[in-house]
Amino acid sequence: MPRILTIAAAQMGPIQRSRSRRDVVERLIVLMRDAAAMGCQLIVYPEATLTAFFPHWWIEDEAELDAWFEQEMPSNETAPLFAEAKRLGIGFHLGYCEIARDAGRKRRFNTAVLVGPDGAMIGKYRKIHLPGHADHEPWRPFQNLEKRYFEVGDLGWPAWRAFGGVVGMMICNDRRWPEAWRVLGLQGTELVLLGYNTPRHDPTTPQHDRLAEFHNALSMQAGAYQNGCWVVGVAKAGIEEGIGQIGGSCIIAPTGEIVAQALTEADELVVARCDLDAATPIKQGIFNFARHRRPEHYRMIVERTGATPPA
Ligand code: ING
């Protein structure tokens, strides 16, 4: 029995600071209804989907900062999204910024959840690779204060049996690090879902701005191929509060081929029929970890070379 999953990457255009969560959830529901009408079983929303990407601004007041976070999920504002998903029988991935309480301690994370077609939570992931900087750097045209506003994720990179396969998540900057992909690959992950907010301009390396879309695709295509998994990468795109963010939302096969890609930097559905069994020839062939991968040698190499530059 083929394991075909029709998936929608639901790229979001910009969300200006003035937009309410209610406004955003209405946009998410429009995309969800379109995806369901196209026969999708799963819709994937971007990182920090519910608000403007506030790590781009210096925020000193704690109450002002907390207002960008969700204290619970589903929340009052997102409950309609969960209800509509259940009514339509479609699962979804949602990125949002989470305030968690741990023995009374307030903790903030950049989080993503996977929700089944019955509206029940399947899994949660908290972003591990936090890019940018922790202090206000006024010389920059905009900040990236994820190291200040979020804790490093404490859930690892789990994979879940869901939607007929093995599914994992990562968030944005994670996709640039091979370790995130390999930890999921070692669990037999067949489908990786990720959202991103990626400014085209990085003031520390402006000479690489022209490569923003290339590096985005390179990271995800390599991850897909080297771990034999489908990848759904979804942007919050367009000019958000004056900051241009790349689009390039796409669905990538385990061969590393892009099978569908966004054409705009606005709200846009990118849909593909994903045969999860297409992961098998890669996992059992070129990247058969059991037959070809040599962790015992890697440890020796690291011990011998210390993985440091030669004298
Ligand atoms: N954003 C960016 C990303 O990794 C970034 C940060 C921008 C890194 C430009 C490198 C160059 O796509 C998030 N939110 O991680």
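Anything mentioned here points back to the structure above.
Quantities reported herein were computed from a predicted structural model and do not represent experimental measurements.

About the criteria used
Every residue gets a number counted from 1 within its own chain, in the order that chain's sequence is written. A pLDDT threshold of at least 70 governs which residues receive local features in this predicted model, and a stricter bar of 80 or more applies before side-chain atom pairs are shown or counted, although totals over entire chains, interfaces and linings include all residues. Side-chain numbers here rest on the full set of heavy atoms in the structure, without hydrogens or water. Proximity criterion: a residue is near a molecule or strand once any of its heavy atoms comes within 4 Å of it. We call two N or O atoms a polar contact when they sit within 3.5 Å, provided that within protein one can donate a hydrogen and the other can accept it, with sequence-adjacent residues counted only if both atoms are side-chain atoms. What sets the accessible areas is the Shrake-Rupley method with a 1.4 Å probe; for residues, cover comes only from the shown protein chains. Under the scheme applied here, ten amino acids are nonpolar (Ala, Val, Leu, Ile, Met, Phe, Trp, Tyr, Cys and Pro), four are charged (Asp, Glu, Lys and Arg), and all others, including Gly, are polar. When DSSP finds at least two bridges between two strands, those strands are taken to pair. In DSSP terms, a helix is any run of H or I states spanning at least four residues, a strand is any run of E spanning at least two, and both are numbered starting from the N terminus. With axes taken as lines fitted to C-alpha atoms, and helix axes fitted only over the stretch in contact, angles between N-to-C directions fall between 0 and 180 degrees. Should any heavy atoms of two residues lie within 4.5 Å, those residues are considered in contact. Two distance rules govern patches: like charges are joined within 9 Å, and nonpolar side chains (Val, Leu, Ile, Met, Phe, Trp, Tyr) within 5 Å, applied only to residues with over 30% relative accessible area and no salt bridge. By definition here, a salt bridge exists when the distance from a side-chain nitrogen of Lys or Arg to a carboxyl oxygen of Asp or Glu is within 4 Å. Relative accessibility thresholds used throughout: buried, under 20% of the residue-type maximum; exposed, over 50%; partly exposed, between the two (1.4 Å probe, protein chains only).

Draft legend 1. Up close: the site of the ligand. Taken together, 13 residues surround the ligand, and among them Cys172, Asn173, Arg176, Asn197 and Thr198 come closest. Here Glu47 contributes a side-chain N or O atom positioned 3.4 Å from a nitrogen atom of the ligand. A distance of 3.1 Å separates an oxygen atom of the ligand from a polar side-chain atom of Arg175. Burial of the ligand by the protein chains amounts to 85% of its free accessible area of 370 Å². Looking at side-chain class alone, the shell around the ligand contains 3 nonpolar, 4 polar and 6 charged residues.

Draft legend 2. Region of the structure containing the sheet that holds strand E2 (residues 42-44). The 6 strands lie next to each other as E5-E4-E3-E2-E1-E14, forming an open sheet whose pairing is mixed. Each edge of the open sheet carries a strand with a single partner, namely strand E5 (121-126) and strand E14 (268-275). Neighbour-to-neighbour, the strand axes of this sheet turn through a mean angle of 35°, independent of strand direction. Where strand E1 (residues 4-11) meets E14, 8 bridges bridge the pair, whose relative direction is antiparallel. Bridge pairing in E14 links Ile4 to Asp275. Relative to E14, helix H1 (residues 21-37) is tilted by about 40°, and along the sheet it contacts E1, E2, strand E3 (91-102) and E14. In the packing of helix H3 (residues 79-88) onto the sheet, the strands contacted are E3, strand E4 (105-115) and E5, and the crossing angle to E3 comes to about 145°.

Draft legend 3. Seen up close, a nonpolar patch on the surface. A cluster of nonpolar side chains, namely Tyr298, Met300 and Ile301, defines an oily patch on the protein surface of about 260 Å² accessible area. Looking at where Ile301 falls in the secondary structure, it is placed in helix H9 (residues 295-305). Given the relative accessible area of 44%, Ile301 is considered partly exposed.

Draft legend 4. Region of interest: the sheet that holds strand E6 (residues 159-162). The strand order E6-E7-E8-E9-E12-E13 describes an open sheet built from 6 strands, whose pairing is mixed. Strands at the two margins of the open sheet, each flanked by one partner only, are E6 and strand E13 (258-261). Adjacent strand axes in the sheet meet at a mean angle of 20° when their direction is disregarded. Of the pairings in the sheet, the one linking E6 to strand E7 (residues 165-171) comprises 4 bridges and is antiparallel in character.

Draft legend 5. Looking closely at the pairing of E13. Two elements, strand E12 (residues 250-252) and E13, share 3 bridges in a ladder whose sense is antiparallel. Looking at the pairing, Ile251 lines up with Ala260 of E13. Hairpin connection from E12 to E13: 5 residues lie between these consecutive antiparallel strands, with Gly256 at a positive phi of about 95°.

Draft legend 6. Highlighting the pattern of salt bridges. Applying the stated criterion across every chain, the model contains 26 salt bridges. Here Glu190 and Arg3 are joined by a salt bridge, their closest N and O atoms 2.7 Å apart. You can see Glu190 sitting in the loop between helix H5 (178-185) and strand E8 (191-196) and its partner Arg3 sitting in the segment before E1, a full 187 residues away along the chain. Among the salt bridges present, the one from Arg107 reaches Asp102, with a minimum N-O distance of 3.1 Å. Given the relative accessible area of 37%, Asp102 is considered partly exposed.

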